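Next come the chains, spelled out residue by residue.
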Amino acid sequence: MKDIINKIKKLLAMSEENGASENESMMASEKALELLKQHNLSLSDIKDEDQEPIEKETQVVDQNVWQRWIRHQTAQLYFCQFYTTTKMNKETYKKETIAHFVGRESNRIVATEMCNYFIKTVKKMAEQEFKNVKLPSFQKRRAKHAFTLGCANRLAKRLKEKYLSIVPEYQPIANPDGLPMLYKSEQKALTDWLAKQGIKLTNSRSTTSVRDRMAYANGQSKGNGIGIDTQVNGKMKARLLT
């Protein structure tokens, strides 16, 4: 079996960056995937000894449902598992929301950086949208909140659509880097890590009330303009795949 694993590693290492032609790289990847299937292996079995281990990092975050939408979908897109817990702060006597990102260090760095970027972008859009709006303060806060929910909701849906567009439509010849298979292998590795740590995740449904439909719709429209299509390719993809 060791010889098979070494052979698959060599096939996966063949790329245009390493001197192979595009056709050679595609054929090598297709052959590697055939061997994986033939010997009932996954990409998680074909790992180097120096591969980053799966670990967890935490941070205190705002208790906003719209931020949770963004973090959940962003983490999934960048090979991580996200969940939240709460605890009492012994100094302030207030409940805190703790965000947990599980994954390999390089993936966690990208996921958390992109979460921060998306959340800051949504906040900035909301500020700009209502900068010159003349409304009573309570109406303005309500409209701004609805806009933020709409923007974040649309962004989260687009991130999920991006993930689903990559994973199920896998064709080796059209996508020789094995990215969809890597998603599935990483998800299994994350699930196994959580199980070993005795962490059981549960889905919680959150309800939000939208009192300003026009502001919500405007937010969704602006959410369509936040760029996400270039985040999983080029140099970023190379970083994720290492």
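Data block above holds the structure.
Everything in this summary refers to the structure shown in the same document. (Residues numbered from 1 in each chain as written. Predicted model: local features only at pLDDT ≥ 70, side-chain atom pairs only at ≥ 80, totals over all residues. Heavy atoms only, no water.)

Here's the deal with the pattern of salt bridges
Here's step 1: Considering all chains together, one arrives at seven salt bridges under this definition.
Here's step 2: Note that Asp62 is salt-bridged to Lys123, the shortest N-O span being 3.9 Å. A residue pair is termed long-range when its members are at least 10 positions apart, and Asp62 in the loop between β1 (54–61) and α3 (65–77) and Lys123 in helix α4 (residues 105–129) qualify at 61 residues.
Here's step 3: Given the relative accessible area of 42%, Asp62 is considered partly exposed.
Here's step 4: Across the pair Lys222 and Glu129 runs a salt bridge whose closest N-O atoms are separated by 2.8 Å. Highlighted residues: Lys222 in helix α7 (residues 213–223) and Glu129 in helix α4, separated in sequence by 93 residues. (Salt bridge = Lys/Arg side-chain N within 4 Å of Asp/Glu carboxyl O. Helix = DSSP H or I, 4+ residues; strand = E, 2+ residues; numbered from the N terminus. Buried < 20%, exposed > 50% of the residue type's maximum accessible area, 1.4 Å probe, protein only.)

What to know about the side chain of Glu96
Here's step 1: Structurally, Glu96 is set in strand β3 (residues 95–104).
Here's step 2: Here Glu96 occupies a buried position and makes no salt bridge, while the nearest side chain of opposite charge, Lys87, is found at 4.7 Å.
Here's step 3: At a separation of 2.6 Å, a polar atom in the side chain of Glu96 contacts the side chain of Asn89.
Here's step 4: For Glu96, the contacting residues outside a window of four places in its chain are Val60, Thr85, Thr86, Lys87 and Asn89. (Lys, Arg positive; Asp, Glu negative; His and termini not counted. Polar contact = N/O pair within 3.5 Å; in protein donor to acceptor, adjacent residues only side chain to side chain. Contact = heavy atoms within 4.5 Å.)

Observations concerning the sheet that holds strand β2 (residues 81–88)
Here's step 1: Pairing is antiparallel across the open sheet formed by three strands, whose spatial order is β1-β3-β2. With one partner strand each, in any of the chains shown, β1 and β2 form the two edges of the open sheet. Adjacent strand axes in the sheet meet at a mean angle of 25° when their direction is disregarded.
Here's step 2: In terms of strand pairing, β2 meets β3 through eight bridges, oriented antiparallel. The residue of β3 that forms the bridge with Lys87 is Glu96.
Here's step 3: Docked against the sheet, α3 engages β1, β2 and β3, running at close to 140° with respect to β2. (Pairing = 2+ DSSP bridges. Axes fitted to C-alpha atoms, helices over the stretch in contact; angles between N-to-C directions.)

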